[in-house]
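Chains, contacts and geometry: an overview
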Amino acid sequence: MKKLILLFSLFLAPAFSYKENQKINQNFSSNNTSHKRLKRDWIWNRMHIREEIDSPLPHHVGKLTSSVGNKNAMYIIEGESANTIFKVQGYDGDIYAFERLDREKKAEYELTAHIIDRRNNRSLEPPSKFIIKVSDINDNAPIFVQKIFNGSVPEMSRLGTSVTKVTAEDADDPTVAGHATVTYQIIKGNEYFTVDDSGVISTARADLDRESQSAYEIIVKAKDALGLTGESSTATVIIRLTDINDNFPVFKHPSFHFRVPENISVGGEVGRVKVEDIDEPQHRNTKYSFVRGDYRDTFEIIANPFTNEGIIRPKKPLDFEKVAEYRFDIEATDHNVNPAYYKPGGSRSISTITIEVTDVDEPPVFTKLSYEFKVQENNPEIKTLGSVGAHDPDAAKRKIRFARRRASPNGDYVRVSDSGIIQLPKPLDREFSSLYNITVAAQEILEDGRLSDRESHAQVHVIVTDENDNAPELVYPEEPRVCENAAPGKVIIRISATDKDEISPGGFFTYSLTTEDSNFSLTENPDNTANITVKDGQFNRELAKIHYLPVIISDNGNPELSSTNTLVISVCKCNEKGDFTFCEERAKQVGVSVQALVAIFICIFTIIAVIALLILLRKRHKKDLSGLRRNVAEIHEQLVTYDEEVVPSAYAQVQKPPGNTTSGAGEMEMMIEVKKDEADNDRDLLPYDTLHIYGYEGAESIAESLSSLESGSSDSDIDYDFLNDWGPRFKMLAELYGSESNEDFVY
């Protein structure tokens, strides 16, 4: 039927085109009197051909027709796919397709038609463009844009809750009814989800529980309404159920038992109770509370936000001697669960807790955490301030010994006895420190007399009360000066006072001058200060350039103390405006600090000690030199060996001092040994046991003996002073044989 309609339109087109051309020619001839060639139009503009035609090739598309009545006219085409897919018969203008067309690949072809004279190839009409449109047939099945789709929906959602959307596309012409209309159908999982014609997937039931099944895999089929082949495509949709807080926590055990030492710290962990919540961690909000038992003030249960466990902690110290076991019930619940999702089993879980307290050796416990005592300063009669107390909290009830650990200020100012008595070894001075702190340790005495290694501490504060034992002192900000022509009443300086003692809120100082015979007056101010003013005026610098003004300051305490302070006032020259122009410089007081004085005294004592040591060494040296001042006979016993040409024997040539009739080598040897023993045993003398041997050339030598020892004891009148002229080497001989001196000689 469609083919008949298409051929009928092709036959009618030349007729309509011819009538239209006749009208144009008439209008043209009536409006223009000149002789011109009449314009002829092509009698077509669009052709149609159905895709995928099953008949043998070629397929007729249409016919080119022109009003040119030239029997030599020939048709040709140019453009897209011309003379390849599409060809025209030149003599009659029929166009044929030599390939089967696919609209989904190309829906239109644009060509240009020419009509020429075959004799000279001259164009008979201007070229004209026309379109060949490929008509669609429903030959494509819809295709999903992806093979796998993902979606999610909260568990327990209401019926018809949208989950996700799937999309399939059909390549056929959507302008042709039914060719590109896609419908969807769930072929797997339709008992849980549904899909509409737009591809939206929704829940088909309201009891989808993530804890029962957390994910679903469904298959969706897509097809068009009028598919010729009935083909379709499928896609997989994975739907996950997201968690909501719809389950209550449940204890894993009906009871829990814990053992804990009694010395556990407050806030320490006693134990943990565990619950099971099948919701995801972000929806686990377990709360623990006490159900039965009177221990809410002793323990607390805190939920761990990461593990959802209940941590039991003591809120106060435990005491085995008072309570050895605690038993109570706790419950676990979640207040964030929506009541609409309540499930069988109840909204809370209960478990019994048993805490067994074990005994430990605890340190002593002080009766108070800190002790405070007050004492008046500088009171020698107060030796004891009070005592501290502690006891053994265990059943043994051991005795306690106390000791001082730390002190502030550091020093032996406050003591504590073994029994805990606070003592003062000496009076305290409030001006040194108004508060003395010590740390007292308490230790148990074990059965064997040793002290336990566990101890506890308490603070002892000793407050020193004040007594009026310090006189006030003068304070002035600058050196006082006055003009020599100052007028009476001129304020020279404002003075104030300070007191090391405590000053009561109503306390005040009293100022006065020691004498009224000066050119100064004193006026007290309401703010506890005083003004020094000029009394009569007109100072004479020729008489005195500096005035010394004694000021008495009283503190009005009990007892009242006062001090006399001297103001040094300089009389200066001033200009007409009263500005100081010249003042005498005061003699600067040179002071030495206590540290410098101590250093000076140490140096003096060191010098004195060094001098005393030198004197002792001098005396010792003289004692040692006294051994040299012996008689000549003793000196002869110190024998010195000189190189000799002939030495008959070691001792035969030694000559004995005159007057000694003993002779013989044996006696000489005996004498030498005796002297050596004496020198060895006498530690106060220098080692004079060196053997010195002097020989002589012969018995009949003209020069006689070369030894100088004998000459020292002879009655020779030879003057040996010439030895002093022989140089340092003969100095010893000159001192031995020279003139005797009463002075000691030194080396």
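Each remark here, short or long, concerns the structure printed above.
First, a word on scope: everything that follows refers to the structure included in this document. (Residues numbered from 1 in each chain as written. Predicted model: local features only at pLDDT ≥ 70, side-chain atom pairs only at ≥ 80, totals over all residues. Heavy atoms only, no water.)

Here we take up unusual backbone geometry. Residue Pro58 is reached from Leu57 by a cis peptide bond, and omega for that bond is -5°. Take Pro58: it is sitting in the loop between strand E1 (46-50) and strand E2 (59-63). At the junction of Ser408 and Pro409, the peptide bond is cis and its omega measures out at 0° in the coordinates. On the secondary structure map, Pro409 appears in the loop between strand E30 (400-408) and strand E31 (415-416). Its identity is not glycine, yet Met156 carries a phi of approximately 60°, on the positive side. With respect to the secondary-structure elements, Met156 resides in the loop between strand E9 (148-154) and strand E10 (162-165). For Met156, a relative accessible area of 23% translates into the label partly exposed. (Helix = DSSP H or I, 4+ residues; strand = E, 2+ residues; numbered from the N terminus. Buried < 20%, exposed > 50% of the residue type's maximum accessible area, 1.4 Å probe, protein only.)

Taken together, the side chains of Leu597, Ile600, Phe601, Ile604, Phe605 and Ile608 present a nonpolar region at the surface, about 590 Å² in accessible area. Tracing the sequence through the fold places Phe605 in helix H2 (residues 594-625). For Phe605, a relative accessible area of 56% translates into the label exposed. (Patch = residues over 30% accessible without salt bridge, like charges linked within 9 Å, V, L, I, M, F, W, Y side chains within 5 Å. Areas by Shrake-Rupley, 256 points an atom, 1.4 Å probe, with all protein chains shown as cover. Salt bridge = Lys/Arg side-chain N within 4 Å of Asp/Glu carboxyl O.)

As a further point, take the sheet that holds strand E32 (residues 421-423). Strands pair in a sheet through their backbones, by hydrogen bonds, and they do so in one of two ways: parallel or antiparallel. The three strands lie next to each other as E28-E32-E31, forming an open sheet whose pairing is antiparallel. Bordering the open sheet on either side are strand E28 (384-387) and E31, each of which pairs with just one other strand. Sheet topology note: the E28/E32 ladder contains three bridges and is antiparallel. The residue of E32 that forms the bridge with Ser387 is Ile421. (Pairing = 2+ DSSP bridges.)

What follows deals with the state of the cysteines. By the definition in use, this model includes two disulfides. Cys483 shares a disulfide with Cys574; S-S distance 1.9 Å. Looking along the S-S bond of the Cys483-Cys574 disulfide, the torsion reads about -90°, which is the left-handed sense. Residue Cys483 is found in strand E36 (residues 481-483), and its partner Cys574 is found in strand E42 (residues 562-574); the two are separated by 91 residues along the sequence. Summarising the burial analysis for this pair, Cys483 and Cys574 share the class buried. Across the disulfide, Cys572 is cross-linked to Cys583 (sulfur-sulfur distance 1.8 Å). Every disulfide takes its handedness from the sign of the S-S torsion; for Cys572 and Cys583 that torsion is 120°, giving right-handed. A residue pair is termed long-range when its members are at least 10 positions apart, and Cys572 in strand E42 and Cys583 in the loop between strand E43 (580-582) and H2 qualify at 11 residues. (Disulfide = S-S within 2.5 Å.)

In this section: the pairing of strand E6 (residues 108-117). Look at any regular strand and the pattern is simple: side chains alternate between the two faces of the sheet. Of all 10 residues making up E6, eight are buried, and the element is well covered by its neighbours. Sheet analysis places strand E3 (residues 73-79) next to E6, joined by seven bridges and oriented antiparallel. Looking at the pairing, Ile77 lines up with Ala113 of E6. As judged from the nine bridges shared by E6 and strand E7 (residues 122-135), these two strands associate in the antiparallel manner. The residue of E7 that forms the bridge with Asp117 is Arg122.

Summarising the element assignment, Thr529 is placed in the loop between strand E39 (520-524) and strand E40 (530-534). Of the polar contacts made by the side chain of Thr529, one reaches the side chain of Asp527; its length is 2.5 Å. (Polar contact = N/O pair within 3.5 Å; in protein donor to acceptor, adjacent residues only side chain to side chain.)

Quick look at the sheet that holds strand E35 (residues 473-475) now. The sheet built from four strands is open, its strands ordered E35-E37-E40-E39 with antiparallel pairing. On the outer flanks of this sheet lie E35 and E39, each paired with one strand and no other. If you compare each strand with its neighbour and ignore which way they point, the axes differ by 35° on average. In this sheet, strand E37 (residues 491-498) lies alongside E35 in antiparallel orientation, the contact comprising three bridges. Within E37, the residue paired with Leu474 across the bridge is Ala497. (Axes fitted to C-alpha atoms, helices over the stretch in contact; angles between N-to-C directions.)

Attention shifts here to the environment of Gly199. Within the secondary structure, Gly199 sits in the loop between strand E13 (193-195) and strand E14 (200-203). Counting along the chain gives 17 residues from Gly199 to Val182, while the straight-line C-alpha distance between them is 9.2 Å. Excluding anything up to four places from it in sequence, Gly199 contacts Thr164, Lys165, Val166 and Tyr184. (Contact = heavy atoms within 4.5 Å.)

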